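Each chain is listed here by its residues.
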Amino acid sequence: MLTYLQQLDASLLVAINGWHCPFADQLMWLISGKFSSALILITLLALSLRKGNWKKTLFLLIAIAIVVLIADRVSSGIIKPLVERLRPSHNPQLQALVHVVNDYRGGKFGFVSSHAANMFGIATFVAMVMRNRYAWLCLLSWAAIVSYSRIYLGVHYPGDILGGMLVGFGAAWLVAYLWKKTQNRCRIPAMHTIFCRTDAAWLNLAVATNLVLIIAIAAVQTLF
């Protein structure tokens, strides 16, 4: 069963990674970059500060930082060294089949994806704070797009992404659970009081605008 799943994972990776062209290379490279979510994070910060409550914003930033810390440490610090699954770009049996962009191959091991763990952790936690179904859909869609870019670039199998998703969900749920359990005892602002209903619409617009800008930049870079 395990062998079959590994073969299926490799087949999906080769199929997704094989659908490439110069424009897609530029687009996925930018989406996978460190600052691809900058506009979304800036908008989130601006919305939380709009009411002038620095205390709520501070607790939100601390909570998000803890989510990332847990997701990153579990994925990179615990699971990757234990499993030691070679990335597709480092797998001798697949290297000849993997399309590499800008000679980027990532670290040696890839299970689970830290990108997926961090992105899904942040997206899930912020969506839980927003308590809006459209925010859930928009934020998780962006996390999925970023995660897809990692498969496209040949540095992760789909299974790596799935494992990262689960780690991210777990990290977000744990931090949200601890926040709710300690908010009364420690005089921490309630999660649902940080944003108002209209904030979700602004954040969704920021996610869409962010993607459009990245697509435009990729198109310009491909042409010139």
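How each quantity is defined
- Within any chain, residue numbers begin from 1 and follow the written order of that chain's sequence.
- Local features are withheld for residues below a pLDDT of 70 in this predicted model, meaning they are given only at 70 or higher, and side-chain atom pairs are given and counted only at 80 or more; totals for whole chains, interfaces and linings count all residues.
- With hydrogens and water set aside, each side-chain value is computed from the structure's full complement of heavy atoms.
- In this analysis, rings of Phe, Tyr and Trp, with Trp reduced to its six-membered ring, are considered paired at centre separations within 6.5 Å, and the interplanar angle assigns stacked below 30 degrees, edge-to-face beyond 60, and tilted for intermediate values.
- A run of H or I in DSSP becomes a helix once it reaches four residues, and a run of E becomes a strand once it reaches two; helices and strands are each numbered from the N terminus.
- Burial here depends on accessible area, computed with a 1.4 Å probe over protein chains only, as a share of the maximum for the residue type. Under 20% is buried, over 50% is exposed, and the range in between is partly exposed.
- Definition used: whenever NZ (Lys) or CZ (Arg) falls within 6 Å of the ring centre and also within 35 degrees of the ring normal, the charge is taken to sit over that ring.
- Residues enter a nonpolar core if they are buried and are Ala, Val, Leu, Ile, Met, Phe, Trp, Tyr or Cys, with the set joined through side-chain atoms within 4.5 Å.
- Nitrogen and oxygen atoms within 3.5 Å of one another constitute a polar contact, given that in protein one can donate a hydrogen and the other can accept it, and given that sequence-neighbouring residues count only through two side-chain atoms.
- Contact criterion: two residues are considered in contact whenever any of their non-hydrogen atoms come within 4.5 Å of each other.
- Only a pair of cysteine sulfur atoms within 2.5 Å qualifies as a disulfide here.
- A pairing counts as a salt bridge when a side-chain nitrogen of Lys or Arg comes within 4 Å of a carboxyl oxygen of Asp or Glu.

Caption draft 1: Here's a closer look at the packing of aromatic side chains. Considering all chains together, one arrives at four aromatic pairs under this definition. Arranged with centres 5.7 Å apart and planes meeting at 80°, the rings of W29 and Y104 form a pair that is edge-to-face. In this pair, W29 is assigned in helix α2 (residues 22–31) and Y104 in the loop between α4 (54–83) and α5 (114–130), connecting sequence segments 75 residues apart. Judged by its relative accessible area of 31%, W29 falls in the partly exposed class. If you follow R85 out to its NZ or CZ, it ends over the ring of Y157, 3.9 Å from the centre.

Caption draft 2: Up close: the nonpolar core. Counting 57 residues, the largest nonpolar core has F125, M130, W142, F195 and L203 as its most contacted members. Mapped onto this core, the elements with two or more residues apiece are α1 (2–18), α2, α3 (38–49), α4, α5, α6 (133–152), α7 (158–182) and α8 (197–223). Take this core: its biggest share by element is 10 residues, from α5.

Caption draft 3: Structural detail: the side chain of D160. Considering the arrangement of structural elements, one finds D160 in helix α7. Among the polar contacts listed, one links the side chain of D160 to the side chain of H156, at a separation of 3.3 Å. Residues within four places of D160 in sequence aside, it is in contact with D9, R85, G110, F111, V112 and S113.

Caption draft 4: Here's a closer look at the state of the cysteines. Here the structure, examined in full by the defined rule, presents zero disulfides. Looking at the unpaired C138, the closest cysteine sulfur is the one in C196, lying at 17 Å.

Caption draft 5: A look at the environment of L12. You can see L12 is positioned in helix α1. For L12 and I151, which are 139 residues apart along the polypeptide, the C-alpha to C-alpha distance reads 9.2 Å.

Caption draft 6: Representation of the pattern of salt bridges within the structure. With the rule as written, the count across this model stands at five salt bridges. A salt bridge links D9 to R85; the shortest N-O distance between them is 3.0 Å. You can see D9 sitting in helix α1 and its partner R85 sitting in the loop between α4 and α5, a full 76 residues away along the chain. You'll find D9 and R85 in the same group, each marked buried. D72 is the salt-bridge partner of R73, the closest N and O atoms lying 3.4 Å from each other.

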